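Notes for the structure review
Here's the letter readout for the chains.
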Amino acid sequence: MAHVLLLGGTTEARALAAALAAGHLALRVTSSLAGRVAEPRLPAGEVRIGGFGGPEGLAAWLRAERVDAVVDATHPFAAAMSRNAAEATEATGVPLLALRRPGWAPVAGDRWHRVPSLAAAADLLPSLGRRVLLTSGRQGIGAFAHLDGLHFTARSVDPPEPPLPASLDVLLDRGPFTLDGERAVLREHRIDVLVTKDSGGAATAPKLTAARELGLPVVVVDRPPTPAGVPVAQSVEAALAWLEGR
């Protein structure tokens, strides 16, 4: 039976794992999670948690476990893991597919400011507002630690670690989020600017609608590019079709 390594952690990864575990294709699937969240949502089927030790360690694991294909369904901003996957599969000759949900697109009324990085977002923020809702993940909060005169409300699944902004509230929460809930967060914390990564998907999109309703500026951090030469599927169905053709 062919063995597929599914680099997971996203909604799409769990949906793909569930489809494969239900016997959609006659494959053995191992889902790998980075272990950065204290209590991750586990997918169906076999699961391993923790890193591989860089591209060399991943390549060794692919050989030892006789992996026939890899699906990189990590978060769109997990650039290091995606690079490792590309290097390891190139070294071993194992086919690789990136499963990436489409990014968000602005609509009428949006006041988006696209930037290439969290550092660029931090540079722009003082010109846009003073009370910031950060939804860029706990590992990125340090990029804003040097900003004085701004108050941050940061939302993350687990508590962030230093360095942190001097004026900071932390909301421990996990999506999916509702529009009413996002309206309440913006109102109760008197937010006047939102920072988000372009993660795409519906689970965290209501904040964009709530910001649009209030006319708030939104700083959107663009995704890093997918490694060159790696094919991309934008849906679970497309990933299943790719696997079926292996």
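Read on for a plain summary of the structure. (Residues numbered from 1 in each chain as written. Predicted model: local features only at pLDDT ≥ 70, side-chain atom pairs only at ≥ 80, totals over all residues. Heavy atoms only, no water.)

1. Regarding the nonpolar core
Of all hydrophobic cores here, the largest spans 21 residues; its most connected members are Leu16, Leu20, Val71 and Leu243. Among the secondary structure elements, those contributing two or more residues to this core are β1 (2-7), α1 (11-21), β2 (27-33), β4 (69-72), β5 (96-99) and α7 (236-244). Ignoring sequence-local partners within four residues, the contact set of Leu243 consists of Val4, Leu16, Leu20, Leu25, Leu27, Ala69 and Val71. Val115, Ala120, Ala121 and Val219 belong to the second largest nonpolar core, which has 19 residues in total. (Core = buried A, V, L, I, M, F, W, Y, C linked by side-chain atoms within 4.5 Å. Buried < 20%, exposed > 50% of the residue type's maximum accessible area, 1.4 Å probe, protein only. Helix = DSSP H or I, 4+ residues; strand = E, 2+ residues; numbered from the N terminus. Contact = heavy atoms within 4.5 Å.)

2. Here we look at the pairing of β4
Burial along β4 is two-sided: the residues Ala69 and Val71 and Val70 and Asp72 are all buried. As defined by bridge partners, β1 adjoins β4 across four bridges and the pair is classed as parallel. Each bridged residue has a counterpart across the sheet, and for Leu5 the counterpart in β4 is Val70. Assessed by its sense of winding, the connection that carries the chain from β4 through helix α3 (residues 79-92) to β5 is right-handed. (Pairing = 2+ DSSP bridges. Right-handed = clockwise from strand over helix to strand, strands pointing away.)

3. Remarks on empty space enclosed by the protein
Using the criterion set out here, one finds three cavities of 30 Å³ or more in the structure. Within this model, the largest cavity holds a volume of roughly 40 Å³. Lining the largest cavity are Thr10, Glu12, Ala73, Thr74, Pro76, Leu99, Arg100 and Arg101. (1 Å grid on protein atoms, 1.4 Å probe; cavity = no way out; pocket = protein on both sides within 12 Å on 5 of 7 lines; lining within 4 Å. Points joined across faces, edges and corners; volume = space filled by probe spheres on them.)

4. Brief notes about the pairing of strand β10 (residues 193-197)
The element β10 is largely enclosed, with a buried count of five among its five residues. Across the two faces of β10 the burial is the same, with Val193, Val195 and Lys197 and Leu194 and Thr196 all buried. The pairing of β10 with strand β11 (residues 217-221) spans four bridges and is classified as parallel. The residue bridging Val195 from the neighbouring strand is Val219, located in β11. Handedness of the crossover joining β10 and β11 through helix α6 (residues 206-214) is recorded here as right-handed.

5. Section: α6
Taken together, the buried positions of α6 are occupied by Pro206, Lys207, Leu208, Ala210 and Ala211. Those residues of α6 that are buried lie in contact with β6 (111-115), β7 (131-135), β8 (151-156), α5 (179-188), β10 and β11. Of the residues one or two after α6, Gly215 is the one with positive phi, at around 70 degrees.

6. Describing the environment of Gly181
As for its placement among the helices and strands, Gly181 is situated in helix α5. The class of Gly181 is partly exposed, set by a relative accessible area of 29%. C-alpha of Gly181 to C-alpha of Arg131: the two residues are 50 residues apart in sequence and 18 Å apart in space.

7. Quick notes on the packing of aromatic side chains
For the structure on display, the rule yields two aromatic pairs. The interplanar angle of 70 degrees and the centroid separation of 5.6 Å between the aromatic rings of Phe52 and Trp61 together place this pair among those described as edge-to-face. Across the pair, exposure class does not vary: Phe52 and Trp61 are buried alike. Measuring from ring centre to ring centre gives 5.9 Å for Phe144 and Phe152, while their planes differ by 50 degrees; the resulting arrangement is tilted. Overall, Phe144 belongs to the buried group, its relative accessible area being 0%. (Phe/Tyr/Trp six-rings, centres within 6.5 Å; stacked < 30°, edge-to-face > 60°.)

8. Remarks on the sheet that holds β10
Ordered by their spatial adjacency, six strands build an open sheet running β6-β11-β10-β7-β8-β9, and the pairing between neighbours is parallel. With partners counted over all chains shown, the strands left at the sheet margins are β6 and β9 (168-172), one partner each. Looking at each pair of strands side by side, their axes are set apart by 20 degrees on average, direction ignored. Sheet analysis places β7 next to β10, joined by four bridges and oriented parallel. (Axes fitted to C-alpha atoms, helices over the stretch in contact; angles between N-to-C directions.)

9. Overview of α5
All of the buried residues along α5 are Glu182, Ala184, Val185 and Leu186. Those residues of α5 that are buried lie in contact with β7, β8, β9 and α6. The first or second residue beyond α5 is Arg190, which carries a positive phi of 50 degrees.

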